[in-house]
Each structure stands twice: as C-alpha cells, then as structure tokens.
Amino acid sequence: MSVRIAPSVLAADLGRLREQIEQAVAGGAEWIHVDVMDGHFVPNLTFGAPMIRALRRITDRPLDVHLMVRHPEHYIAEYADAGAAVFTFHPEATVHVQRHLAAARERGMLAGLALNPASPISLIEEVVPDLDLVLVMSVNPGYGGQSYLPHATDKIRRVRALLDRAGSRAALEVDGGITTATIAEAWGAGADTLVAGTAVFGTADPAQAVRDLARRCAVRV
Ligand code: DX5
Ligand code: ZN
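A brief structural summary. (Residues numbered from 1 in each chain as written. Chains lettered and ligands numbered in written order. Predicted model: local features only at pLDDT ≥ 70, side-chain atom pairs only at ≥ 80, totals over all residues. Heavy atoms only, no water.)

## Remarks on the packing of helix H1 (residues 17–26) against helix H9 (residues 206–215)
Phase 1: Relative orientation of the contacting elements H1 and H9 amounts to 35 degrees, with a least axis distance of 7 Å. The two elements H1 and H9 meet at a crossing, and its hand is right-handed. Judged by residue contacts, Gln20, Gln23, Ala24 and Ala26 of H1 engage Pro206, Ala207, Val210 and Arg211 from H9.
Phase 2: When its residues are assigned to classes, the contact of H1 with H9 shows five nonpolar, two polar and one charged. (Axes fitted to C-alpha atoms, helices over the stretch in contact; angles between N-to-C directions. Helix = DSSP H or I, 4+ residues; strand = E, 2+ residues; numbered from the N terminus. Left-handed = near helix turned anticlockwise from the far one by under 90°. Contact = heavy atoms within 4.5 Å. Nonpolar A, V, L, I, M, F, W, Y, C, P; charged D, E, K, R; others polar.)

What follows is the structure, given as structure tokens:
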C-alpha cells in the first residue's frame, strides 16, 4: 500500500485557494484536509460549510473534514450536503458518539474519531466497527505549525494493533507536525494517511512538497 497525503487548507494562502489546491493535487495529494475550529473546543476559530462548498467546486478530491468543535453532531447534515467525504470529530466534544458516527455514515460520509495527545485509546475501543477512520493527533489541536510530539509514534502503533486485532479496515490518519523529518516515523508505526499543512502550503512549491513527503514513505505491503 502507498501513503495517502492530505494537505491541510489551514496553512494555505486563502487568496489563492484554487491555485494552492491545484498545486497540491498535481503533486499527488489524495485528500484535502479541512480543519474546522469553533473557538470553544479549541481556542482558535476557522471555517465551516462555506469553505467545504468552495473546495467542492475547486477539486474532486475527497474533502477530509476534521471538526474541532463542541457538539459536532449539529453539523452532520450540513457538511454532508456541502460535500464532505470524511467526517471526523473528537469523542470528548459530545456524548452519544456511536449515534453520531452512524449518522455520518447514513449521510454517505466516512465516520472518524480523533484522539488528542492526552486522549486514551479506550475512547475508541467500543466503537471500532462504527469507524472508517481514526485520527491520531501528534500535536494539541488548535494551530498549524507545531512540532510533532514523539509520544504519538507509540500511540499510532497501539491504534494500528487495535484495528488489526479487530479486523477493522479503518484508515489510520496522523495530524500535526508532519514534515519530511517526521513522516517516515508515523508511516513506519502504521499510519496510512498523513495530514500536512505547513510542510505543504508553507513552501513555494506545494506540488513538490507533497512529492517529497510521499517519497519518505517506503512501500509497505
Ligand atoms: C491542528 C490541525 C492540523 C493542522 C496541521 O489543530 O488539526 O490539521 O492543520 O498543521 P501542520 O501540518 O502545520 O502541523
Ligand atoms: Zn486537522
């Protein structure tokens, strides 16, 4: 299998959004990662459905939406209609996690859960069959441009083992501080989908940046 790179729009120059997305896709980006922040679950505030709709018009790549918001269930229908392909939220942000995962699937999206650096893996254990994706945060969410927390690597390994044990085919995504210096470590631990914001859009050549990241991940069978 080969690595899936998901550039994060958070680091893009929004004045040149179409050009930036086209460049990332030209380099081989498979998904486009969209960070939704509400100023409550995380201190920062970003975008919502209008951004998803705008991206839907720009690219046919799947839109990988990462909700760092309280009560993510309020957005399931709206984001599905806006064109989200993946709907990932944090289990601590709501109560009836299983119901919301099922609702995301019913709306035709892949359902994902994200684990903060301090969040135990047990938060996903009871809902593995309901998951299409697990997102391991390798920084505390809220901002781009932070450094990869080394503890994430062992957590990726443990999530990989949990998914394999359960016979789950869920994607294992890693988000935060992914660069050409850190991506091989996350990939080697069992991640298959790597989010990268600064490492892609913080460069003069996003297409080349995506290629450089993918090249660091040796083929894994
Ligand atoms: C952090 C976001 C990330 C962010 C990653 O809260 O979830 O997706 O965009 O940015 P970099 O790759 O710059 O760490
Ligand atoms: Zn994210």
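## Comments concerning the environment of Gly202
Phase 1: Within the fold, Gly202 resides in the loop between helix H8 (198–201) and H9.
Phase 2: In this structure Gly202 comes out as exposed when scored by relative accessible area, which is 57%.
Phase 3: Put simply, Gly202 and Ala12 are 190 residues apart on the chain and 7.4 Å apart in space, counted from C-alpha to C-alpha. (Buried < 20%, exposed > 50% of the residue type's maximum accessible area, 1.4 Å probe, protein only.)

## Re the coordination of the zinc ion (ligand 2)
Phase 1: Of the protein atoms, only His33 (NE2), Asp35 (OD), His66 (ND1) and Asp175 (OD) coordinate the zinc ion (ligand 2), at distances of 2.0 to 2.3 Å.
Phase 2: For the zinc ion (ligand 2), the six donor atoms in the first shell make angles of 70 to 167 degrees at the metal, a pattern classed as octahedral.
Phase 3: Motif for the zinc ion (ligand 2), donor spacing along one chain: H-x1-D-x30-H-x108-D. Residue His33 is located in strand S2 (residues 32–37), and its partner Asp175 is located in strand S7 (residues 171–175); the two are separated by 142 residues in the primary sequence.
Phase 4: Exposure remark for His33: the relative accessible area of 0% places this residue in the buried category. (Donors = N, O, S within 2.8 Å, 3.2 Å for Na, K, Ca; no water. Tetrahedral: all angles 85-135°; square planar, octahedral: opposite > 155°, others 65-115°.)

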